[in-house]
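As a plain string of letters, each chain reads:
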Amino acid sequence: MFDTHAHVNFNAFKDDADQVIKRALERGVAMINVGAQFSTSKRALEMARNHERNVYAAIGLHPIHLEDFEINEEGVNFKSRKEEFDFEAYRKLGENDKVVAIGESGLDYYRLSDESRHHEIIEKQKQVFIKHTELANALILPLIVHCRGAKENMDGAYEEILAILKKHSVKNKGVMHCYIGAPNLVKKFLELGFYIGFNGVLTFDKTGRVEEVLRQTPMERILLETDCPYLTPAPKRGQRNEPMFVEFVARKAAEVIGATFEEVVEITDKNAKELFNTNS
Ligand SMILES: [Zn+2]
């Protein structure tokens, strides 16, 4: 199995990251730890370098880190200072075999901090996202896209991501991670050659929307992920999420599309290896 979107590089794992990675690898779960700032991107690369195989890194600046932010992670509050996107620093970090993608980057209208500065913040997010498409092309890597719409208009942000990706196309494609947009928008991302990432939300979304998205995604474009420590799948709700729980996402996906667990594992492994050009 392949957890294509993990954050074992985050503080939630600061005391036991090694054990968490070890037990995933022992169960045959490969992973990409995804950076959200320069510091966590660097840590993701260090973790990948400490393992001969099956642990990879993605580097990028998440849209919420463009502003000072109060973060609540696993009940622990900490302040995150805003970061400017340093293209050259990220490019240098990305010149390493273990870096297999750029991201996560994108648009997040859900957690906009300052009401009076919405327009300015959104413009900044778009500019930084465009720079990530340029970085992906400079390093010939795929892009991991984060998108979360405003409460009152969930799909608006997806439309804007689409418009940007059409204008600033990414040669090596990418993935819409944790896609929770409208099912009828999925095909537009598929047309651009993008993959769709599914995680624990599939197991607990009562609206049926994510199941519908999955049914509209061809098998050869499905990726599995955890987004750990967040979004713990059923039946582990209430616990901290971790890469080995990707198994529960695979089981649910199999049930939804009417395939066997083994078929889902086989095709999603193949998809991940193709997109991220890994040999695990
Ligand atoms: Zn993430």
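As the structure is a computational prediction, the values presented were derived from the model and not from experiment.

## Some details on helix H5 (residues 156-167)
And then number 1: Given a rise of 1.5 Å per residue, 12 residues ought to cover 16 Å, and the 17 Å separating the end C-alpha atoms of H5 matches this to within 8%.
And then number 2: For H5, the full list of buried residues reads Ala 157, Tyr 158, Ile 161 and Leu 165. Taken around the axis of H5, the buried residues stretch over an arc of 100°, which confines them to a single face. Projecting away from the buried face of H5 at angles above 90 degrees are the exposed residues Ala 163, Lys 166 and Lys 167.
And then number 3: Looking at the packing, one finds that the buried side of H5 touches strand E6 (99-108) and strand E7 (143-148).

## Comments concerning helix H2 (residues 38-49)
And then number 1: End to end, H2 covers 16 Å across 12 residues, agreeing with the expected 16 Å (1.5 Å per residue, within 8%).
And then number 2: Elements in contact with the buried residues of H2: helix H1 (17-26), strand E2 (30-34), strand E3 (55-59), helix H3 (87-94) and E6.

## So, the packing of helix H9 (residues 246-257) against helix H10 (residues 261-276)
And then number 1: Between H9 and H10, whose axes approach to 8 Å, the crossing angle comes to 110°. The orientation of H9 relative to H10 falls into the category roughly perpendicular. Of the two possible hands of crossing, H9 and H10 adopt the one that is right-handed. From H9, Ala 250, Arg 251, Ala 253 and Ala 254 reach across to H10, where they touch Phe 261, Val 264, Val 265 and Thr 268.
And then number 2: Of the residues that constitute the contact of H9 with H10, the class distribution is 6 nonpolar, 1 polar and 1 charged.

## A closer look at unusual backbone geometry
And then number 1: In this chain, Gly 103 is followed by Glu 104 through a cis amide linkage whose omega measures 15°.
And then number 2: One can find Glu 104 in strand E6.
And then number 3: Here the residue pair Ala 234 and Pro 235 is connected by a cis peptide bond, since its omega of 10° sits within 30 degrees of zero.
And then number 4: In this model, Lys 173 sits at a positive phi of 60°, which is unusual for a non-glycine residue.
And then number 5: Within the fold, Lys 173 resides in the loop between H5 and strand E8 (174-176).
And then number 6: Residues other than glycine seldom take positive phi values, yet Leu 231 does so here, at roughly 55°.
And then number 7: Summarising the element assignment, Leu 231 is placed in the loop between strand E10 (222-224) and H9.
And then number 8: A count of 20 C-beta atoms within 10 Å places Leu 231 in the buried class.

## With respect to the sheet that holds E3
And then number 1: In space, the 8 strands of this open sheet follow the order E1-E2-E3-E6-E7-E8-E9-E10, with parallel pairing throughout. Two strands lie at the open edges of the sheet, namely strand E1 (2-6) and E10, each paired on one side alone. Strand-to-strand twist across the sheet, computed as the mean angle between neighbouring axes with direction ignored, equals 30°.

Cut-offs used in this document
Residues numbered from 1 in each chain as written. Predicted model: local features only at pLDDT ≥ 70, side-chain atom pairs only at ≥ 80, totals over all residues. Helix = DSSP H or I, 4+ residues; strand = E, 2+ residues; numbered from the N terminus. Expected span 1.5 Å × (residues − 1). Buried ≥ 20, exposed ≤ 12 C-beta atoms within 10 Å, placed from the backbone. Arc of directions from axis to C-beta. Contact = placed C-beta atoms within 7 Å. Axes fitted to C-alpha atoms, helices over the stretch in contact; angles between N-to-C directions. Parallel < 35°, antiparallel > 145°, perpendicular 65-115°, else oblique. Left-handed = near helix turned anticlockwise from the far one by under 90°. Nonpolar A, V, L, I, M, F, W, Y, C, P; charged D, E, K, R; others polar. Pairing = 2+ DSSP bridges.

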